[in-house]
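As a plain string of letters, each chain reads:
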Amino acid sequence: MKKSTEQTIKSLLDQFGLEAKEGDFERFGDVLDVYVANLEKLRALDLSDEEIGPTFNPRPRKE
Amino acid sequence: MAANEKPLHYLTIDEAAKLIQKRALSPVELTKAVLDRIAAVDGTLDAYLNLMSDRALSEARAAESEIQKGDYKGPLHGIPLAVKDQLDLKGAPALIRGNQAQAPRDAAAVERLTRAGAVILGKLTMSSLPGEVPPPKNPWDTSRITGGSSTGPGAAVAAGLCLGALGEDTAGSIRNPASLCSLVGLKPTYGLVSRRGLAPLSWSLDHCGPMTWTVEDNAHMLQAIAGFDAEDPTSMESSVPNYTSALKTDMKGLRIGVPRDYIDECRVRTDSEVLTLVDKAIEELKSLGARVEDVKLPALALATFTDAMIYYNEQFSAVRSKLKDIIKNGAPATRARMYVGLLTSAGDYIQAQRLRSRLRRECHEVFARVDILALPCQLKPAPTFAESGPLDTLWKHLEPEYQAPFNLVGLPALSLPCGFARGNLPVALQLVGKPFDEAGVLGAAYAYQQQMRWYERRPGI
């Protein structure tokens with residue numbers, strides 16, 4: 001696992017007062033690195049004209 | 001093989017219903033035959049988590065009494081079905097919820113099945129359960145997996161341990177086992193089938209749907225469970241058509257779109273036999289009268305990952321208060337998803353929802369020109385247990401594949417058997433329709449099914 005990813009997870013778990021289960025960084029390191037790489041692709045995607053507003057429809061459903 | 005030549009446990013819902021309606025078959029006799037089948041075979045397959053024989057026989061006797069009095073409710077009356085553990089059954093725990101609390105009532109979809117007169121056999125196993133629960137074996141080859149996460153339903157329906165089952169699909173979990181076990185598996189439109197009583201994995205991606213041997217069986221089950229439920233805040237109001245009357249024998253006038261660019265992107269990870277069989281199936285659709293054209297959906301490229309990201313993070317949010325216990329005791333895949341949840345920011349989640357909007361818009365534009373999409377359903381035939389690992393699903397969802405994108409946009413998507421690869425391993429075609437056009441998808445699927453008759457082949461177990 002990339003050091004930066006490991007440190008991020010450790011830091012975030014620390015906020016919960018937790019530690020990763022022993023061996024999990026070795027067990028999941030590769031898959032988490034690929035996850036982060038895909039996350040960066042998603043972040044880089046130009047979605048300038050897309051919004052999520054339609055998700056929130058204030059019209060009450062018919063009962 | 002005609003219905004009267006088959007063992008009772010291998011009757012389809014439609015065949016059994018016709019016999020039950022004319023009182024040539026008793027629901028009690030049918031249920032006992034299926035229970036005998038379970039006793040004979042489930043020690044090998046491990047499909048059932050909680051077999052509720054008393055409930056099943058009580059419901060079968062009630063159905064028999066009603067039918068004898070002339071109160072026949074329809075094609076599910078007296079039919080033995082089972083449900084994935086994720087769906088609540090009154091008085092039984094849902095192991096996936098991580099506790100032994102007994103559900104106070106049946107899930108909404110189960111209530112609708114019982115209202116239609118169905119007999120509920122019990123709960124079927126699924127992936128990622130806490131504790132040491134053996135994974136079910138694929139009835140086509142017991143050294144192979146069924147595919148998940150509706151693993152129990154996949155094994156049970158294929159082996160005649162129930163005549164149909166309710167599964168659940170967040171990123172392919174109905175269509176995956178359906179494709180590996182030669183079933184018809186439908187992920188309906190989001191909001192068509194109530195999620196009340198379904199243990200949530202991901203609120204905006206979970207879909208409850210039927211897994212059956214044939215298309216007409218799927219239509220029968222969907223007819224019973226579809227429709228608005230005021231107790232489910234995501235339930236959509238839409239008219240429920242007669243799905244059985246939509247079943248066709250040809251595809252004249254049907255416009256089918258094939259996302260070739262996307263299939264090419266997935267090609268390197270897709271088994272060559274799967275691609276060959278799916279291509280043959282698409283040619284068969286043409287011979288049935290469909291017009292087939294290539295379509296482009298560029299947003300599909302990151303859709304699988306986006307679905308997975310939303311799924312893992314909604315799950316993370318739902319179980320966040322139990323993080324300590326999950327890190328300590330959870331299944332490996334569940335623990336990995338927690339780490340994923342920690343790595344993902346709110347901004348990332350919003351970006352994912354914006355990609356979702358983009359894909360929904362692209363699909364809307366494509367469906368102005370075509371009625372149905374056709375593409376592979378699976379990357380490969382069922383692997384062996386030796387070839388599989390606890391993180392396979394995570395890895396699968398980090399690269400483009402065929403199932404998860406349609407959870408993202410909530411479209412109806414059906415896994416339909418289209419042949420067998422080496423080793424007699426099932427392969428499926430996937431048909432995807434417009435929102436709430438399950439009738440169109442089932443109608444087209446029926447035409448192909450009747451032409452090719454893959455359902456005539458059963459596993460040898």
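By convention here, each chain's residues receive numbers from 1 onward along its written sequence. In the order they appear in the text, chains get letters beginning with A and ligands get numbers beginning with 1. Note on the predicted model: pLDDT of at least 70 is required for a residue's local features to be given, and 80 or more for side-chain atom pairs to be given and counted; whole-chain, interface and lining totals, by contrast, use all residues. Based on all heavy atoms of the structure, the side-chain values leave hydrogens and waters out of the count.

## Brief notes about the overall build of chain A
- Looking only at helices and strands, chain A features two helices and zero strands.
- Counting over 63 residues, chain A shows a buried share of 32%. Note on conventions: DSSP H or I runs of at least 4 residues are helices, E runs of at least 2 residues are strands, and numbering of each starts at the N terminus. Whether a residue is buried, partly exposed or exposed follows from its accessible area with a 1.4 Å probe, protein chains only, as a fraction of its type maximum: under 20%, in between, or over 50%, in that order.

## Some thoughts on the overall build of chain B
- From N to C terminus, chain B includes 16 helices and 13 strands.
- Between the two quantities, the radius of gyration covers C-alpha atoms and the globule rule is 2.2 Å times the number of residues to the power 0.38. Here the C-alpha radius of gyration of chain B, 20 Å, is about what a compact globule of 461 residues would show, namely 23 Å.
- Expressed as a percentage of the 461 residues in chain B, the buried residues total 65%.
- The contact rule is simple, with two residues in contact once any of their heavy atoms fall within 4.5 Å. Considering only residue pairs separated by 6 or more positions, chain B has 80% of its internal contacts joining residues 24 or more positions apart.
- Residue burial considers only the protein chains on display, and all accessible areas are found by Shrake-Rupley using a 1.4 Å probe. Accessible area for chain B stands at about 15800 Å²; split by element, carbon and sulfur atoms hold 51% of it.
- Only four residue types enter the charge count, namely Lys and Arg as positive and Asp and Glu as negative; His and the chain termini do not. Charged groups are reduced to one reference atom each: NZ for lysine, CZ for arginine, CG for aspartic acid, CD for glutamic acid. Positive and negative side-chain charges of chain B, numbering 52 and 52 respectively, have mean locations separated by a distance of 2 Å.

## Here's the deal with the confidence of the model for chain B
- Per-residue pLDDT for chain B averages 95, and the proportion of residues at 70 or more is 100%.
- We note a pTM of 0.96 for the whole complex and an ipTM of 0.89 for its interfaces. The predictor attaches a confidence to each residue, and that confidence, scored 0 to 100, is pLDDT.

## Overview of the nonpolar core
Residue and element names in this part refer to chain B.
- Ranked by size, the top nonpolar core spans 166 residues in total, and within it Leu113, Leu166 and Met251 carry the most contacts.
- For this core, the element with the highest residue contribution is helix H10 (residues 303-319), accounting for nine residues.
- Once you skip the residues sitting within four places of it in the chain, methionine 251 turns out to touch Ile256, Leu285, Leu288, Gly289, Ala290, Ala444, Ala447 and Tyr448.
- Counting residues in each nonpolar core, the second largest holds five residues, with Ala94, Met126, Leu129 and Ala199 among its members. Residue types Ala, Val, Leu, Ile, Met, Phe, Trp, Tyr and Cys, when buried and joined through side-chain atoms within 4.5 Å, form a set referred to as a nonpolar core.

## Concerning helix H12 (residues 332-343) of chain B
- Given the number of residues in a helix, its expected span is that number minus one, multiplied by 1.5 Å. In this model H12 of chain B runs 17 Å from its N-terminal to its C-terminal C-alpha over twelve residues, within 8% of the 16 Å that 1.5 Å per residue would give.
- Most of H12 of chain B sits inside the fold, with eleven of its twelve residues counted as buried.
- At its buried positions, H12 of chain B is contacted by helix H1 (3-15) and helix H2 (24-44) of chain A together with H10, helix H11 (323-329), helix H13 (346-366) and helix H14 (392-396) of chain B.

## A word on the side chain of threonine 344 of chain B
- With respect to the helices and strands, threonine 344 of chain B occurs in the loop between H12 and H13.
- Relative accessible area serves as the criterion here: at 12%, threonine 344 of chain B is assigned to the buried category.
- Think of a polar contact as two N or O atoms within 3.5 Å of one another; within protein, one of them needs to be a possible hydrogen donor and the other a possible acceptor, and neighboring residues in sequence only count if both atoms come from side chains. Here tyrosine 35 of chain A takes part through its side chain, which lies 2.7 Å from a polar atom of the side chain of threonine 344 of chain B.
- Apart from the residues within four sequence positions on either side, threonine 344 of chain B is in contact with Tyr35 and Leu39 of chain A together with Met309 and Asn313 of chain B.

## Observations concerning the pattern of salt bridges
All names here are of chain B.
- Any carboxyl oxygen of Asp or Glu within 4 Å of a side-chain nitrogen of Lys or Arg constitutes a salt bridge here. One pass over the full model with this rule turns up 39 salt bridges over all chains.
- Here glutamate 15 ties to lysine 6 by a salt bridge, and the two come within 2.8 Å at their closest N and O atoms. An identical accessibility class is assigned to glutamate 15 and lysine 6; each is buried.
- Here arginine 260 and aspartate 294 are joined by a salt bridge, their closest N and O atoms 3.6 Å apart. Of this pair, arginine 260 sits in helix H8 (residues 260-266) while aspartate 294 sits in strand S10 (residues 291-294); the two residues are 34 residues apart in sequence, bridging distant segments of the chain.

## So, the pairing of strand S9 (residues 255-258) of chain B
Residue and element names in this part refer to chain B.
- Pairing between S9 and S10: four bridges, direction parallel. Considered in S10, the bridge of valine 258 is made with aspartate 294.
- Inspection of the sheet shows S9 paired to strand S11 (residues 372-376) by two bridges, in the parallel sense. Note on S11: the bridge partner recorded for glycine 257 is leucine 373. When DSSP finds two or more bridges between a pair of strands, those strands are recorded as paired.

## So, the interface of chain A and chain B
- With 36 residues of chain A in contact, the opposing surface of chain B contributes 41 residues.
- By buried area we mean the combined loss of accessible area, with a 1.4 Å probe, across both parts when two parts are placed together. Both sides of the chain A and chain B interface together cover about 3500 Å² of buried area, and 67% of this is carbon and sulfur.
- On the surface where chain A and chain B come into contact, there are six salt bridges.
- A salt bridge links aspartate 49 of chain A to arginine 361 of chain B, with the shortest nitrogen-to-oxygen separation between them at 3.6 Å.

## Digging into the pairing of S11 of chain B
Residues and elements named next belong to chain B.
- Burial runs high along S11: five of the five residues are buried.
- Pairing geometry for S11 and strand S13 (residues 425-433), over five bridges, is antiparallel. When the bridges of S13 are listed, leucine 373 appears paired with valine 432.

## Overview of the side chain of threonine 170 of chain B
Residues and elements named next belong to chain B.
- Turning to its location among the elements, threonine 170 is positioned in the loop between strand S6 (164-169) and helix H6 (175-181).
- At a separation of 2.6 Å, a polar atom in the side chain of threonine 170 contacts the side chain of glutamate 168.
- Among the polar contacts listed, one links the side chain of threonine 170 to the side chain of aspartate 206, at a separation of 2.5 Å.
- Not counting residues up to four positions away in its chain, the partners in contact with threonine 170 are Leu201, Ser202, Leu205, Asp206, Asp307, Tyr311 and Asn407.

## Description of the packing of H2 of chain A against H13 of chain B
- At a closest axis distance of 10 Å, the pairing of H2 of chain A and H13 of chain B adopts a crossing angle of 65°. The interaxial crossing formed by H2 of chain A with H13 of chain B has left-handed handedness. Along the contact surface, H2 of chain A presents Leu39, Leu42 and Arg43 of chain A, while H13 of chain B presents Asp348, Gln351, Ala352 and Leu355 of chain B.
- Residues that form the contact of H2 of chain A with H13 of chain B fall into these classes: four nonpolar, one polar and two charged. To define axes, lines are fitted to C-alpha atoms, for helices over the stretch in contact only, and angles between the resulting N-to-C directions are given on a 0 to 180 degree scale. The hand of a helix crossing depends on one turn: near helix anticlockwise from the far one by less than a right angle means left-handed, and clockwise means right-handed. The residue classification treats Ala, Val, Leu, Ile, Met, Phe, Trp, Tyr, Cys and Pro as nonpolar and Asp, Glu, Lys and Arg as charged. All others, Gly included, are polar.

## Looking at unusual backbone geometry
All names here are of chain B.
- Omega for the bond connecting glycine 148 with serine 149 falls within 30 degrees of zero, at 10°, which places this linkage in the cis form.
- Positionally, serine 149 belongs in the loop between strand S5 (141-145) and helix H5 (151-158).
- Positive phi outside glycine occurs at arginine 23, with the angle close to 60°.
- At serine 182, a residue that is not glycine, the phi angle is positive and equals roughly 65°.
- Positionally, serine 182 belongs in the loop between H6 and strand S7 (184-187).
- When its relative accessible area of 4% is taken as the criterion, serine 182 is described as buried.

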